[in-house]
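# Working through the structure, step by step
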Amino acid sequence: MISFECDYNNGACQQVIDNLVRYNHAKPTPYGFDEFSERAKARIREACGLPDAQIFFLTGGTQTNATTIDSMLYQYEGVICVGCGHINVHEAGAVEFTEHKIITIADTQGKMEAKTLDKYLDDYMHDGNKDHAVHPGLVYITFPTELGTLYSAKELDNIYKVCQHYEIPLYIDGARLGYGLMAQGNDISLPYMARHCDVFYIGGTKIGALCGEAVVFTNRRAHKHFFSIQKQHGAVIAKGALIGLQFDALFSPLPGAEGGVLYFKLSEHAINMAMRMKEIFIKKGFEFYVDSPTNQQFVIIDNEHVDKLSQKVLFTHFGQADKHHTICRFVTSWATTNEELDQLEQILG
């Protein structure tokens, strides 16, 4: 069978493996206080255009979200998120397990709108009983969204201005950050994003790494005891160089005139594969649940065809389109090949 089930079902790209093997006997300082992790952080700071950014490495996305959000909130505060946001629907209540309520607001194709956020916060501030409610202490969005849609630079700017007006930090979940940044039509760069939020993370697990996410605190300093908070959450890995070495490879400059870093090259490949996949489905007459320019494609397929297709292709049953059709999610990654897409096209008939 061929798999388009997710973007983390491969091991790691060869450059990451090579870096791990190269320094396997180096005996680095534990807990991430090693030269390789420091070099990786320096490369990430350069890519972000933030020489003073604070960076922490964690192993996975759920762990990263729960730890980072908990570190930024007082015990009486919650986090604002759209209803379909990742922390609200796909993390088994991990944030709320830390005793912080997720405050949901409406979305538009997976995206938070500045006007909706502003109305919620304005209503809250003018509520005479607000001291009896959970205080909104953080705003959370994902880039790209759970539906594979993108915020424009203007939309992100508008959201950040609302956050600044109410003095609430903005946190961006970047599990698939590279796939969003390299998507066709995207007008947000990594430095632009870094200047328009207070903290975000760069996902490695889904983009070429065995595991690992890099949390970047921008113009709002991390909690002075963030490491201890990581430890409390079980989010400190003793062999910290394992993650540092991977990001060291992912953010290494590419040789020759090509320029850039490996992370974006891998991301661009996944987008190219996704656009070819999209054309295959269009050519076969399928319709889409949402028009996604990223590596996630949501295709509406009749239930009988879904059952037959499932015997040869792995994909996600995302939801019900109607009584007779299913929304099916097909995902490409840094490791997707043209040969796999050839097989998909042949299977579709």
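Description of the structure in this document. Everything numeric in this text was worked out from a predicted model, so none of it was measured. (Residues numbered from 1 in each chain as written. Predicted model: local features only at pLDDT ≥ 70, side-chain atom pairs only at ≥ 80, totals over all residues. Heavy atoms only, no water.)

### Some details on the packing of helix α1 (residues 14-22) against helix α11 (residues 241-250)
Between α1 and α11, whose axes approach to 8 Å, the crossing angle comes to 130°. Between α1 and α11, the angle is such that the two are oblique. Once α1 is placed against α11, the crossing between them reads as right-handed. On the side of α1, the interface is formed by Gln15, Val16, Asn19 and Leu20, while α11 contributes Leu242, Leu245, Gln246, Asp248, Ala249 and Leu250. Residues belonging to the contact of α1 with α11 are distributed by class as follows: six nonpolar, three polar and one charged. (Axes fitted to C-alpha atoms, helices over the stretch in contact; angles between N-to-C directions. Helix = DSSP H or I, 4+ residues; strand = E, 2+ residues; numbered from the N terminus. Parallel < 35°, antiparallel > 145°, perpendicular 65-115°, else oblique. Left-handed = near helix turned anticlockwise from the far one by under 90°. Contact = heavy atoms within 4.5 Å. Nonpolar A, V, L, I, M, F, W, Y, C, P; charged D, E, K, R; others polar.)

### Things to note about the sheet that holds strand β10 (residues 296-302)
In a beta sheet, neighbouring strands pair by backbone hydrogen bonds and run either parallel or antiparallel. With antiparallel pairing, four strands are arranged side by side in an open sheet as β9-β10-β13-β12. Edge positions in the sheet fall to β9 (287-288) and β12 (316-322), since each of these pairs with one other strand and no more. Pairing of β10 with strand β13 (residues 325-331) involves seven bridges; the strand directions are antiparallel. Across the sheet, the residue bridging to Val299 is Cys328, located in β13. (Pairing = 2+ DSSP bridges.)

### Points about helix α6 (residues 114-125)
Between the first and last C-alpha of α6 there are 16 Å, a value that for twelve residues agrees with the 16 Å anticipated at 1.5 Å per step. Taken residue by residue, α6 has Ala114, Leu117, Leu121 and Tyr124 as its buried positions. Projected down its long axis, α6 carries its buried residues within an arc of 100°, all on one side. α6 presents Lys115 and Lys119 as exposed residues on the side facing more than 90 degrees away from its buried surface. The inward-facing, buried residues of α6 contact β3 (77-82), β4 (102-105), β5 (135-142) and α7 (153-165). (Expected span 1.5 Å × (residues − 1). Buried < 20%, exposed > 50% of the residue type's maximum accessible area, 1.4 Å probe, protein only. Arc of directions from axis to C-beta.)

### Comments concerning the sheet that holds β5
Here seven strands make up an open sheet; going across it, the order is β2-β8-β7-β6-β5-β3-β4 and the pairing mixed. Edge positions in the sheet fall to β2 (54-58) and β4, since each has one partner strand and no second. For this sheet, the mean angle separating the axes of adjacent strands, direction not counted, is 25°. Pairing of β3 with β4, which is carried by four bridges, proceeds in the parallel orientation. Note on β4: the bridge partner recorded for Ile80 is Ile103.

### Observations concerning the environment of Asp291
As for its position among the elements, Asp291 is in the loop between β9 and β10. In sequence terms Asp291 and Gln109 are 182 residues apart; their C-alpha atoms lie 9.4 Å from each other.

### Comments concerning the pairing of strand β8 (residues 213-217)
Buried residues dominate β8, accounting for five of its five residues. Both faces of β8 are covered, namely the face carrying Glu213, Val215 and Phe217 and the face carrying Ala214 and Val216. The pairing of β2 with β8 spans five bridges and is antiparallel. Note that in β8 the partner of Ile55 across the bridge is Val216. Bridging between strand β7 (residues 199-203) and β8 involves five bridges; their strand directions are antiparallel. From the neighbouring strand, Phe200 faces β8, where its bridge partner is Val216.

### Here's the deal with the nonpolar core
Core analysis: the biggest nonpolar cluster contains 69 residues, and Phe200 and Ile202 have the highest contact counts within it. Sorting elements by how many residues they give to this core places helix α12 (residues 262-283) first, with eight residues. Counting residues in each nonpolar core, the second largest holds 21 residues, with Leu58, Met72, Ile87 and Tyr171 among its members. (Core = buried A, V, L, I, M, F, W, Y, C linked by side-chain atoms within 4.5 Å.)

### What to know about the environment of Ile55
Counting through the fold element by element, Ile55 comes out in strand β2. Assessed through its relative accessible area of 4%, Ile55 is described here as buried. When the C-alpha atoms of Ile55 and Phe200 are compared, they prove to be 9.9 Å apart, with 145 residues separating the residues in sequence. Residues within four places of Ile55 in sequence aside, it is in contact with Lys41, Ile44, Arg45, Ala214, Val215 and Val216.

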